Number of protein chains: 6
Amino acid sequence: MTGVVVRTRKRAAAADMAALAELGVSTTHEAMGRTGLMKPYMRPIFSGTQIAGGAVTVLAQPGDNWMIHVAIEQVMPGDVLVVACTSDNTDGMFGDLLATSLKARGGAGLVIDAGVRDVRVLTQMGFPVWSRAISAKGTVKASLGSVNVPVVCAGVLVNPGDVIVADDDGVVVVPRLDAAKVLAAGKARIANEDEKRRRLAAGELGLDMYNMREPLAKAGLVYRDEE
Amino acid sequence: MTGVVVRTRKRAAAADMAALAELGVSTTHEAMGRTGLMKPYMRPIFSGTQIAGGAVTVLAQPGDNWMIHVAIEQVMPGDVLVVACTSDNTDGMFGDLLATSLKARGGAGLVIDAGVRDVRVLTQMGFPVWSRAISAKGTVKASLGSVNVPVVCAGVLVNPGDVIVADDDGVVVVPRLDAAKVLAAGKARIANEDEKRRRLAAGELGLDMYNMREPLAKAGLVYRDEE
Amino acid sequence: MTGVVVRTRKRAAAADMAALAELGVSTTHEAMGRTGLMKPYMRPIFSGTQIAGGAVTVLAQPGDNWMIHVAIEQVMPGDVLVVACTSDNTDGMFGDLLATSLKARGGAGLVIDAGVRDVRVLTQMGFPVWSRAISAKGTVKASLGSVNVPVVCAGVLVNPGDVIVADDDGVVVVPRLDAAKVLAAGKARIANEDEKRRRLAAGELGLDMYNMREPLAKAGLVYRDEE
Amino acid sequence: MTGVVVRTRKRAAAADMAALAELGVSTTHEAMGRTGLMKPYMRPIFSGTQIAGGAVTVLAQPGDNWMIHVAIEQVMPGDVLVVACTSDNTDGMFGDLLATSLKARGGAGLVIDAGVRDVRVLTQMGFPVWSRAISAKGTVKASLGSVNVPVVCAGVLVNPGDVIVADDDGVVVVPRLDAAKVLAAGKARIANEDEKRRRLAAGELGLDMYNMREPLAKAGLVYRDEE
Amino acid sequence: MTGVVVRTRKRAAAADMAALAELGVSTTHEAMGRTGLMKPYMRPIFSGTQIAGGAVTVLAQPGDNWMIHVAIEQVMPGDVLVVACTSDNTDGMFGDLLATSLKARGGAGLVIDAGVRDVRVLTQMGFPVWSRAISAKGTVKASLGSVNVPVVCAGVLVNPGDVIVADDDGVVVVPRLDAAKVLAAGKARIANEDEKRRRLAAGELGLDMYNMREPLAKAGLVYRDEE
Amino acid sequence: MTGVVVRTRKRAAAADMAALAELGVSTTHEAMGRTGLMKPYMRPIFSGTQIAGGAVTVLAQPGDNWMIHVAIEQVMPGDVLVVACTSDNTDGMFGDLLATSLKARGGAGLVIDAGVRDVRVLTQMGFPVWSRAISAKGTVKASLGSVNVPVVCAGVLVNPGDVIVADDDGVVVVPRLDAAKVLAAGKARIANEDEKRRRLAAGELGLDMYNMREPLAKAGLVYRDEE
């Protein structure tokens, strides 16, 4: 199953992806019924970015970034490169040269369950990366993996063309065909939240706003005064 | 022992807490005889803040933030919410809505042995948080924990009303009744340090300033020249 | 083998070290044949710094910073203090007083396989530190270690006088006698990279620029269209 | 997507599963092109067992074992229960009562990306378990998850009905429709290995048996005598 | 607060402690309302032992076992030595000489949030140990800690004289004054479990025995057939 | 520096190595002044073995066991194969075929800072292995490393020909030229321990036997009675 590159052109609608980027990761994750979130060890190399794009997936061998070179040819403008590794690895598989190439192809960012390097230059370029580690450790180009096959990245299944949403809260994966539905659910949630935020800011308690007092009492919550 | 909310009003003197915030975590920890420090995995979501306040404690179930809603009602201006979890968990139990509510109640910050989310908004709000992780993972509201009971948070016992001091170096817990004594010890230490800093900056060696040469020799330290 | 301080004066040429600092960690590591890199848990306390200097090595006991005081006397201008620990430890062995002293001696930075504290002040001082952890945990001054003996720090052998290069990508150790050779190899690599960067930015694929298509095909890589 | 139980009856052929159990995890994993292996933190609670069976999958909330009770009704003789968790958790979700029930339904074993307890009794019962942790930590029964939906367990996608092969080397997942093909590849490999083992035991070198000397030399391997 | 040895003689009733040992950790932990359990990294060095005894607590410095020598004098027959460390440490603070001494004083076992060594001899002696690590790393005897003060060990507060229950599932701490009450609750639970075990073994489902079907349906659980 | 095989024949005296095996790891480590111990994550795959032998070192790439095949040719009877990896990796680089070959060459055991597989067969063969992990994950044979160069394995520098001592307490490395001296120191220590063991077993306290009461009092230790 390794050694395969799938040429694939299916993506979610660009407008839906842009709107998901605006919703952000936490809202999108809630809108998906709290699924699809990568493990929290995936962190941005610099903060303040929110992106969404179609996944070009890479399955790489530990310490070997050959398939990233292969994958870049498959990138369409707006895509996010998603690199999974066949075993846990923190080597710096991606640096400023690959970022230059990926950016030239229109790539919107990188999500990698391994390490990255040249982070100062990547930050200066404003090229968004979410990774497991920062490491200067160089890699070989010796063994095949695959491109655009389903991969498990940081605990989540990613199919090529799925929508990757990433910001300071982490990375969430929206199945391509669910994008519009998730977006609608997320927007409803947001609308809802503005009103809540206003009431909470005015001093109303969540206990009252969410009508939690009765279920808490039913569950057996007891109030006591300090002795 | 779960399912209890203790209404408690005892806090250390506000002036003492403000002075401890200024001393900072490392000095306070030294002034306590090197005790009371939470494990170093507790990190601020943004740097540069130094706070101190009375602890409102929460014991939560993993993946369940119901009791945080309950706890906010117990917060008095200047308090710090301290959330412990019955088992290790990184879920995003706290986000911008809860921060809005906690801030509206006068809460000074959050210390949570689990995850937080909406960190970009929390940063924009300037709401100080020390946490084990950043994670968009949503939580349920299904199981009781307790509020204002003694908890172990990141390796340290916290009683409700204890003084929480937190800055870029971490989080330290001062027992409420020890606050004045610790403050005095801390101030003495600081006074002491200014003089030391001046002498060290002028090139004096710690070896001489602290009179270490004799005890080192007694302990058997040997100087050799490179061969 | 503990309880020894070696007075040593051998360093690489200052100009070579300055040039290695400019090359940076990732390039230097590649120029060394991908060796010498410390484990990626070694992170700077603030970003944007690139340094290189001769190693003054310290072998410390866990929770004991006595030997750091001893080591500072051995520091020559431009040196980097490298602290290894006899077992894994995150205690805050180094803070602003030690930094003041180390800076007064001309020390260029600290690399420590343990914790540091007073990070806000260290950042204001602009004193560069790479560490395993940030922790306010205080240390004792009770047991001997050694200064300027070979140590293993974060997975790499460091001999006194070796060149330490550190930046946002991590920390790499260049054996003193290899400094000039590594510098030459690194410079060749950099020259090479500028041309590559230009071609990649212009849209040329790494696949073509590096002539990877043939070896990939030979290795058995197969292209398929999406079904 | 949570709150769903899928009643499913598709399994691989029992004889194929039995044969895969005999091949064991390492051979099966190789026969699959080195894919499908769960992360190595999945360890048996006692050694010496080799099993294979059809997966009944569970997606559970952290600290909540309600869905395991639901799942047991869906177990057919020979099945392996596979429990994934929506976030990392080590709580003891499964103990001797659940094992008694699962065994009564014909369940062949448990693979759980969380904790188990009552391990002494489970060992006495000879009930095979692979888990992330051993923990007495009790769980609630408060929130829905799902049964027999695709899950990611310890880094691998598991579809209901996939073949789970587990032994002292870990746990590997064979897609249901690939079982026969993988079995054939594994048998070929085994046949092959017996001959190799005999030759190696007789002192022949792998270097010669696998004809590695030429490719090593081509890759640039150099032999030197000790100075 | 360090440098103190408290001579203390209060223990729970020996019969209650013996009965808690028989209940075991998981049942005791449930009987306490799911509290008091140490983190699951605490593992026995050999399996099959179930003990309970009164805690003699030690607060040690990392890499320093001086206070263990001090503590052994305070041990009464049947006591369990509980060693906490002021920061995370895996050094081998305890070996066969200390075990010989502790056993001679009637000590029932050791619970240590650090490392142990001489594990082969300890196993031959049948001396029960629960630890964070096995490590030959030697320790110094240089800095004071305390004996019989409250400590946090592996995430749980332990007061001197508390009942320590430990078996293959881990370690749980029962406050001294709660021992009889917890024992009663545990016994009720066990009685209850025998009947449940019989019914489950006979094929009855937990879903029915625990009347879960209605609450599951209310919570929204949906059954579907495979497509 | 990679791509080199050094043919080397220097070993410590066989009798010294045999005697070090009998001393065991903890005593040897103490006899070396508490240096040379590998990190405690190195664990035996089965317990009860004590070995010592000359190191044949391997520097491998992550996920690539090519150099192990190369190294076996360099093994002399009684040698221990020591495998380090250029970055952290848990893949199963060594299994029963390699063990068969290594055993046929007279190899005494394996120490590997990565994973092993076929552990059931290795256990049946009685072939001693200390590793970082157990994992079925297969490896490629694609990239060069080196054989018999100095390596850092699990935190310790190993030179080819150094004496590797390993038992249930871990793995310690004795520099080849120090073997006789370390052995002498270890034997003195053992002789010493037998007498101590007898006295401790008879109830004498370490406090008295080691004359600790006075230094403890000088350090400020205070005894108090429970209030």
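Residues numbered from 1 in each chain as written. Chains lettered and ligands numbered in written order. Predicted model: local features only at pLDDT ≥ 70, side-chain atom pairs only at ≥ 80, totals over all residues. Heavy atoms only, no water.

Overview of the arrangement of the chains
Right, on to step 1. The smallest C-alpha distance separating chain C from chain D is 14 Å, and no contact links them.
Right, on to step 2. You won't find any contact between chain A and chain E; their C-alpha atoms come no closer than 14 Å. (Contact = heavy atoms within 4.5 Å.)

Side note on the relation of the copies chain A and chain C
Right, on to step 1. When chain A is fitted to chain C, the residual RMSD is 0.0 Å, and the transformation amounts to a turn of 120° plus an axial shift of 0.0 Å. Viewed as a symmetry operation, the transformation between the two copies matches a three-fold axis. (Least-squares fit on C-alpha atoms with pLDDT ≥ 70 in both.)

Overview of the interface of chain F and chain A
Right, on to step 1. Between chain F and chain A, the contact holds 12 residues from the first and 12 residues from the second.
Right, on to step 2. Surface buried jointly by chain F and chain A totals about 750 Å² across both partners, of which 48% is contributed by carbon and sulfur atoms.
Right, on to step 3. Where chain F packs against chain A, one counts zero salt bridges.
Right, on to step 4. Scanning the region where chain F abuts chain A turns up four residue pairs in polar contact (both at pLDDT 80 or more).
Right, on to step 5. Here the side of chain F that touches chain A is composed, by residue class, of three nonpolar, six polar and three charged. (Buried area = accessible area lost by both parts, 1.4 Å probe. Salt bridge = Lys/Arg side-chain N within 4 Å of Asp/Glu carboxyl O. Polar contact = N/O pair within 3.5 Å; in protein donor to acceptor, adjacent residues only side chain to side chain. Nonpolar A, V, L, I, M, F, W, Y, C, P; charged D, E, K, R; others polar.)

A closer look at unusual backbone geometry
Right, on to step 1. Phi at A154 of chain B takes a positive value of approximately 50°, unusual for a residue other than glycine.
Right, on to step 2. With respect to the secondary-structure elements, A154 of chain B resides in the loop between β8 (151-153) and β9 (156-158).
Right, on to step 3. Using a relative accessible area of 2% as the deciding quantity, one classes A154 of chain B as buried.
Right, on to step 4. At N148 of chain F, a position not held by glycine, the phi torsion is positive, near 60°.
Right, on to step 5. Note on placement: N148 of chain F falls in the loop between β7 (146-147) and β8 (151-153). (Helix = DSSP H or I, 4+ residues; strand = E, 2+ residues; numbered from the N terminus. Buried < 20%, exposed > 50% of the residue type's maximum accessible area, 1.4 Å probe, protein only.)

So, the pattern of salt bridges
Right, on to step 1. What the rule picks out here adds up to 116 salt bridges over all chains.
Right, on to step 2. E73 of chain C is the partner of R213 of chain B in a salt bridge, and the nearest nitrogen-oxygen pair spans 2.8 Å. A residue pair is termed interchain when its members come from two chains, as with R213 of chain B in helix α8 (residues 213-219) and E73 of chain C in the loop between α3 (66-72) and β4 (80-85).
Right, on to step 3. On the basis of relative accessibility, which here comes to 35%, the residue R213 of chain B falls in the partly exposed class.
Right, on to step 4. Its relative accessible area of 23% is what places E73 of chain C among the partly exposed residues.

Regarding the relation of the copies chain F and chain A
Both copies of the chain are related through a single rotation about an axis accompanied by a shift along the same axis.
Right, on to step 1. If you rotate chain F by 180° and push it 0.0 Å along the axis, it lands on chain A with an RMSD of 0.0 Å. Here the two chains are linked by the operation of a two-fold rotation axis.
Right, on to step 2. Mapped onto chain A, 100% of the interface residues of chain F are again interface residues, and the two copies thus contact each other with one and the same surface.

Quick look at the confidence of the model for chain A
Right, on to step 1. Across chain A, the average pLDDT comes to 97, with 100% of residues at or above 70.
Right, on to step 2. Among the prediction metrics, the complex's ipTM stands at 0.96, with pTM recorded as 0.97. (pLDDT = per-residue confidence, 0-100.)

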